[in-house]
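Each chain, written out:
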Amino acid sequence: MKVLVAEKCGFCPGVRNAINLAKKTLEKNNVVYSLGPIIHNEDVVRQLAETGLHTVSRIDEIDTGTVLIRSHGATLAELQEIHTKGLNVVDATCILVKRVQKIACLLYDEGYHVIIVGDRNHPEVRAVVGSAPDVDVAGTEDDLSKIRLGKKLGIICQTTQSPDYFVQMVAAIARRGFSEIKVINTLCRETMERQEAAVKLCRQVDIMFVLGGLHSANTQKLAELCKKHNPQTFHLQNWQELDKCILFGKQTAGVTAGASTPDEVIDVFVQHLRAFEP
Ligand code: SF4
């Protein structure tokens, strides 16, 4: 089968850095804890667990040792709790996520009511909410009726959202009235480049595959976007999950992958698909 791979896909620098830091930390320490999954990819989390990385959801599950802060970051309260317990910290927060946290604090200091556009349940958004006082989350236009929209609004976005969604939400916020709005583009360039490359590819293929963890926000967004441009889009974690029946009648397939999908997963999928005769 003819297979085209997106010009940009797979691991981003933030994820690569977090995994490298985890491996280096595990070489020096017998037991290392990760506050939440280090990245949203079950295979990578399993491999690191085999070498001693314990994933916990709360700090009170850790008594001693080293805590790795994942690429999505942690809230100020969590960092303070880690410090109070005297635990050793290795910070793998992506610099772009740190930038969003810093901008939220600066906007607050300048007197803006900070609104982050994104998914309130995502760890990155929770960390931003917990890094500055009085930050509200706008996930949908319905949320806006519940938010106290002050006159001076400072708007930022979860790094992995799409530009279209950010623009749509900024317009919806502006329609509700304001005296001043400061919008800071906090979208991640790496994510946008993956989205642009995927949309381009969608138009050239009969069927499109988006590879990555089912809980990975940027992979989910990539799949949603591809589905809009090619209804024959499938979000899978690996080659084993593919139902081969869907390939019948298809000549050309496209493959892209989220920022937390390892190169091996993409390579294996592409090799098998190229060898497959529908
Ligand atoms: S997707 Fe962007 S913001 Fe998220 S970890 Fe990767 S580089 Fe950082």
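This is a predicted model, so every value here is computed, not measured. Residue numbering note: each chain is counted from 1, following its sequence as written. Per-residue local features are limited, in this predicted model, to residues with pLDDT of at least 70; the limit for side-chain atom pairs, both in listing and counting, is 80 or more; totals at the level of whole chains, interfaces and linings are taken over all residues.

## Description of the overall build of the protein chain
Numbered from the N terminus, helices here are DSSP runs of H or I no shorter than four residues, and strands are runs of E no shorter than two. Per the secondary structure count, the protein chain includes 9 helices and 12 strands. Atoms considered for the radius of gyration are the C-alpha atoms alone. The globule rule reads 2.2 Å times the number of residues to the power 0.38. Against the 2.2 N^0.38 benchmark of 19 Å for 278 residues, the protein chain shows a C-alpha radius of gyration of 20 Å, consistent with a compact globule. Structurally, the protein chain occupies a C-alpha span of about 60 × 55 × 25 Å along its principal axes. Taken over 278 residues, the protein chain has a buried fraction of 41%. Considering only intrachain contacts with a sequence separation of at least 6, the fraction spanning at least 24 residues in the protein chain is 74%. Partly exposed residues are those whose C-beta has more than 12 but fewer than 20 other C-beta atoms within 10 Å; 20 or more makes a residue buried and 12 or fewer makes it exposed, with C-beta atoms placed from the backbone. The contact rule is simple: place each C-beta atom from the backbone, and if two of them lie within 7 Å, those residues are in contact.

## Looking at the sheet that holds strand 6 (residues 113-117)
Strand pairing follows a simple DSSP-based rule, namely that at least 2 bridges must link the two strands. Pairing within the open sheet is parallel, and its 4 strands lie in the order 7-6-8-9. Sheet topology places strand 7 (135-138) and strand 9 (180-183) at the edges, where each strand pairs with a single neighbour. Between one strand axis and the next, the sheet turns by 25° as a mean value, whatever way the strands run. Taken together, the 4 bridges between strand 8 (residues 152-157) and strand 9 define a ladder with parallel strand orientation. The partner of K152 across the bridge, within strand 9, is E180. For helices, the fitted axis covers only the stretch in contact; all axes are lines through C-alpha atoms, and the angles between them, taken along N-to-C directions, range from 0 to 180 degrees. Contacts from helix 6 (residues 163-175) reach strand 6, strand 7, strand 8 and strand 9 within the one sheet, and its direction differs from that of strand 8 by about 165°.

## Topic: the sheet that holds strand 5 (residues 88-91)
With parallel pairing, the 4 strands of this open sheet are ordered in space as 3-2-4-5. Taken across any chain shown, the strands that pair with only one partner, and hence form the sheet edges, are strand 3 (53-56) and strand 5. Across the sheet, the mean angle from the axis of one strand to that of its neighbour is 30°, orientation sign disregarded. Across 4 bridges, strand 2 (residues 32-35) lies against strand 3 in parallel orientation. Paired with L35 across the strands is V56, a residue of strand 3. Across the sheet, helix 1 (residues 13-28) touches strand 2, strand 3, strand 4 (66-69) and strand 5, and the angle it forms with strand 4 is around 170°.

## Points about the domain arrangement of the protein chain
How large an interface is tends to be reported as the accessible area lost when its parts come together. Per the annotation, domain bounds derive from an automatic or database assignment of domains. Taken domain by domain, the protein chain consists of domain 1 (2-10 + 190-275), domain 2 (13-94) and domain 3 (96-183). Put simply, the middle of domain 1 and the middle of domain 3, counted by C-alpha atoms, are 30 Å apart. Listed as interface residues are 7 residues of domain 1 and, on the opposing side, 7 residues of domain 3. No other element matches the 4 residues that helix 8 (residues 217-229) contributes to the side of domain 1 that touches domain 3.

## Some words on the site of the ligand
Proximity of a residue to a molecule or strand is defined by its backbone-placed C-beta atom lying within 6 Å of that partner. Close to the ligand lie 15 residues, the nearest being C12, G14, C94, T159 and C188. Those elements that provide at least two residues to the shell around the ligand are helix 1, helix 4 (95-109) and helix 7 (189-202). No other element matches the 3 residues that helix 1 contributes to the shell around the ligand. Considering only residue class, the shell around the ligand consists of 8 nonpolar, 6 polar and 1 charged. We call Asp, Glu, Lys and Arg charged. Ala, Val, Leu, Ile, Met, Phe, Trp, Tyr, Cys and Pro are nonpolar, and the rest, Gly among them, are polar.

## Focus on the environment of T75
Within the secondary structure, T75 sits in the loop between strand 4 and helix 3 (76-84). Here the alpha-carbon distance between T75 and R148, two residues 73 residues apart in the chain, equals 23 Å. Look past the residues within four positions of T75 in its chain and what remains in contact with it is R126, A127, G130 and S131.

## Details of unusual backbone geometry
Positive phi, close to 60°, is recorded for D134, a residue that is not glycine. With respect to the element layout, D134 can be found in the loop between helix 5 (123-129) and strand 7.

## Quick word on the nonpolar core
Judged by nonpolar contacts, the single largest core of 50 residues is most densely connected at A104, V114 and I116. When residues of this core are assigned to their parent elements, the largest contribution, 6 residues, is made by helix 4. Ignoring sequence-local partners within four residues, the contact set of V114 consists of A104, L107, Y108, A132, D134, V135, G154 and I156. Put simply, a nonpolar core is buried Ala, Val, Leu, Ile, Met, Phe, Trp, Tyr and Cys residues tied into one set by C-beta atoms within 7 Å.

## Remarks on the packing of helix 7 against helix 8
The contact between helix 7 and helix 8 brings their axes to 9 Å, and the two run at 30°. Taken together, the axes of helix 7 and helix 8 are roughly parallel relative to one another. Where helix 7 crosses over helix 8, the handedness of that crossing is right-handed. Here T191, R194, Q195, A198, V199 and C202 of helix 7 lie close against helix 8, whose contacting residues are N218, L222, L225, C226 and H229. Per-class residue counts for the contact of helix 7 with helix 8 are 6 nonpolar, 4 polar and 1 charged. Just so you know how the angles are binned, under 35 degrees is roughly parallel, over 145 roughly antiparallel, 65 to 115 roughly perpendicular, and the rest oblique. Crossings are assigned a handedness: left-handed for a near helix turned anticlockwise from the far helix by less than a right angle, right-handed for a clockwise turn.

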